[in-house]
Amino acid sequence: MDAIMARSTFLMLILLSQIIQNNCHTGFASAFSPVKKSRTVTFPGARESRPLLLSGGAEDIEVSSSSGTSTVSPDSIFETRKLASIQKYARLPVWPAWNGAALFILSKLGLSPRTVAKLEDFFGGRVCPNFFNEASPGSASMTTSPFIMLVHHMHSFTSFDPLRYFQQKVILPEGFPSHPHRGFITLTYCLRGGMVHRDSMGLKQLYGAEIRHGGNIAQWLVAGAGMLHEEMWDVNHKEDGIASKQELFQIWINLPSEWKMTSPTVNLLNTSEESINDDVSLPIPIVKNEGVETIVLVGEYNLQKSEVDTKSPMSILHVRMEPGTSWSWRDLPKSYKTGIIYMRQGSASVPTETSTMQEIPTHHTATLTPYGEHLNLHAHSEDGADFMLLIGAPLYEPVEARGSMVMNTLEEIEMAYNDYGRGKMGLPWDQNFEDGEWLEHVRQHPNIYR
């Protein structure tokens with residue numbers, strides 16, 4: 001019964017996420033609708049202005065003037081990446097839902113967004129799914145490829161909360177029971193607390209931001225042809241105290257079509273300065289310079305390169321800036337047309353096409369123009385800035401996503417769910433299984449893609 005309840009809850013979460021996604025793209029007029037800002041740029045000699053949100057996707061730009069039409073390199077127009085749009089996605093109440101609901105009420109009663117964000121940072125109780133737009137090949141729309149989704153989790157599990165145990169047993173387990181994936185990558189990056197991972201290949205991992213996790217702060221999971229995994233919150237009141245705080249980012253990244261049916265792999269990413277002696281942990285480079293720390297989760301920055309095999313060109317960075325400092329990236333790879341900034345704490349300013357500076361507030365998501373060799377940000381003079389940067393080369397491939405599968409066509413999605421139903425990725429297990437029971441279950445129902 002518990003296993004059925006958990007799987008039903010997972011499917012409900014997926015359905016809710018899809019509803020939120022649809023609302024975000026249709027401008028649904030509710031308290032949960034995102035607030036979007038876009039700007040317009042007139043290219044030199046052009047007849048008309050074009051929205052910045054429609055400036056990506058092509059290697060060159062066609063400029064029309066009274067003397068005719070000519071094609072120019074976008075890099076000759078833009079030398080610095082600029083702000084294309086800002087929006088704030090819905091922050092939903094969960095773990096514990098009553099904390100998140102209280103924060104929502106306080107925000108509607110007039111408490112400033114800055115204060116509400118600080119209360120959320122302390123009490124938890126919210127999750128914020130950022131659904132990104134995957135433009136079709138040849139489309140005029142700016143693509144966010146290869147990035148599909150970024151989810152910011154902020155939770156707190158208190159030992160004396162009686163409602164917590166009711167929620168855990170009746171409504172929602174504390175984590176994500178076994179579920180399938182195919183065709184993409186997940187990066188799970190912990191800033192507080194941690195996760196306990198078990199999968200249909202018989203692999204168990206403990207990772208997170210606490211001392212007990214040994215520097216393994218993130219997990220890079222290539223689902224490839226398919227696998228089941230279980231991610232449950234690592235709540236340890238003996239070490240964490242009365243309130244076990246949990247904060248993490250999970251990022252979904254699309255795989256190029258040639259890699260979608262590769263064998264699944266799972267690696268941990270480690271910040272420990274000591275040498276790593278296992279086959280699954282990879283070191284995370286950290287760059288420190290004048291009040292700014294840049295954690296290179298994957299990709300490269302400032303001559304520092306991660307060992308993660310990303311399957312397509314990209315970098316995912318976590319940048320922490322002290323008040324009043326500046327951060328820059330010179331000589332960006334020209335293939336990095338996609339740029340997304342999520343402001344975790346504080347705020348930072350970036351240039352706009354009008355040569356002014358625009359602030360990205362806390363919990364807002366910004367997209368960048370696709371052309372330019374440099375990126376510059378300036379931190380708030382009091383709060384500083386703490387943000388995630390997702391930047392990379394678009395895949396320019398068709399995308400079809402349903403639930404927990406991401407492929408190129410609807411037929412491939414249907415095949416993925418058919419293969420899952422036939423047990424090719426393994427079969428789901430009860431999250432209450434002891435490790436011995438889980439391993440025996442995996443042995444009896446193996447993943448054929450491992």
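Everything below is about the structure printed above this text.
The model shown is predicted, which means the values in this text are computed figures rather than measured ones. Throughout, residues of each chain are indexed from 1 in the direction in which the sequence is written. Confidence filtering applies because this is a predicted model: local features only for residues at pLDDT of at least 70, side-chain atom pairs given and counted only at 80 or more, and all residues used for totals across whole chains, interfaces and linings. Remark: hydrogens and water are excluded; side-chain values derive from all non-hydrogen atoms of the structure.

Colleague: Would you take a moment to explain the overall build of the chain for this structure?
Modeller: Across its full length, the chain carries seven helices and 32 strands. Long-range contacts, defined here as pairs at least 24 residues apart, represent 72% of the contacts in the chain between residues at least 6 apart. Residue exposure ignores everything except the shown protein chains as possible cover, and the areas themselves are Shrake-Rupley values with a 1.4 Å probe. Surface accessibility of the chain: about 19,800 Å² in total, with carbon and sulfur atoms responsible for 54%. Secondary structure elements follow DSSP: runs of H or I of four or more residues count as helices, runs of E of two or more count as strands, with numbering from the N terminus. By definition, residues are in contact when any of their heavy atoms lie within 4.5 Å.

Colleague: Please explain unusual backbone geometry as it appears in this structure.
Modeller: Of all residues except glycine, most have a negative phi; of all peptide bonds, most are trans. Residue Pro-96 is bonded to the preceding Trp-95 through a cis peptide linkage, with omega at -10°. The residue Pro-96 is located in the loop between strand S7 (92–93) and helix H2 (97–108) in this model. The peptide bond linking Ser-145 to Pro-146 adopts the cis configuration, its omega dihedral lying at 10°. Position of Pro-146 relative to the elements: it lies in the loop between strand S8 (126–131) and strand S9 (147–158). Notably, Lys-311 is not glycine yet its phi reads approximately 75°, a positive angle. Residue placement: Lys-311 occurs in the loop between strand S22 (304–305) and strand S23 (314–321). When its relative accessible area of 21% is taken as the criterion, Lys-311 is described as partly exposed. Residues other than glycine seldom take positive phi values, yet Ser-355 does so here, at roughly 70°. Here Ser-355 shows up in the loop between strand S26 (348–351) and strand S27 (357–360). For Ser-355, a relative accessible area of 70% translates into the label exposed. Remark: exposure states derive from per-residue accessible area (1.4 Å probe, protein chains only) relative to the maximum for the residue type, with buried under 20%, exposed over 50%, and partly exposed in between.

Colleague: Explain the packing of aromatic side chains here, please?
Modeller: Note on aromatic pairs: each is described by the distance of the centres and the angle between the planes. Centres within 6.5 Å are what make two rings of Phe, Tyr or Trp a pair, Trp counting through its six-membered ring; a difference in plane orientation under 30 degrees is then read as stacked, over 60 as edge-to-face, and the rest as tilted. Under the defined criterion, the tally for this structure stands at 11 aromatic pairs. Their ring planes at 55° and their centres at 6.3 Å tell us that Phe-176 and Trp-233 sit as a pair that is tilted. Placement of the pair is Phe-176 in strand S10 (residues 175–181) and Trp-233 in strand S15 (residues 227–233), with a sequence separation of 57 residues. Grouping residues by exposure puts Phe-176 and Trp-233 together as buried. Plain terms: the ring middles of Tyr-301 and Trp-329 are 5.5 Å apart, the flat faces sit at 90° to each other, and that makes the pair edge-to-face. Of the two residues, Tyr-301 sits in strand S21 (residues 300–301) while Trp-329 sits in strand S24 (residues 326–329), which places them 28 residues apart along the sequence. For the pair Tyr-301 and Trp-329, a shared accessibility class is recorded, and that class is buried. Taken together, the ring pairs in this structure connect Tyr-301, Trp-327, Trp-329, Tyr-336 and Phe-387 into an aromatic cluster. As a reminder, the over-ring test applies to NZ of lysine and CZ of arginine, requiring each to be within 6 Å of the ring centre and within 35 degrees of the ring normal. A cation over a ring is seen here: Lys-245 above Phe-122, with NZ or CZ 3.9 Å from the ring centre. Lying across the ring of Trp-259, Lys-311 places its NZ or CZ 3.8 Å from the centre.

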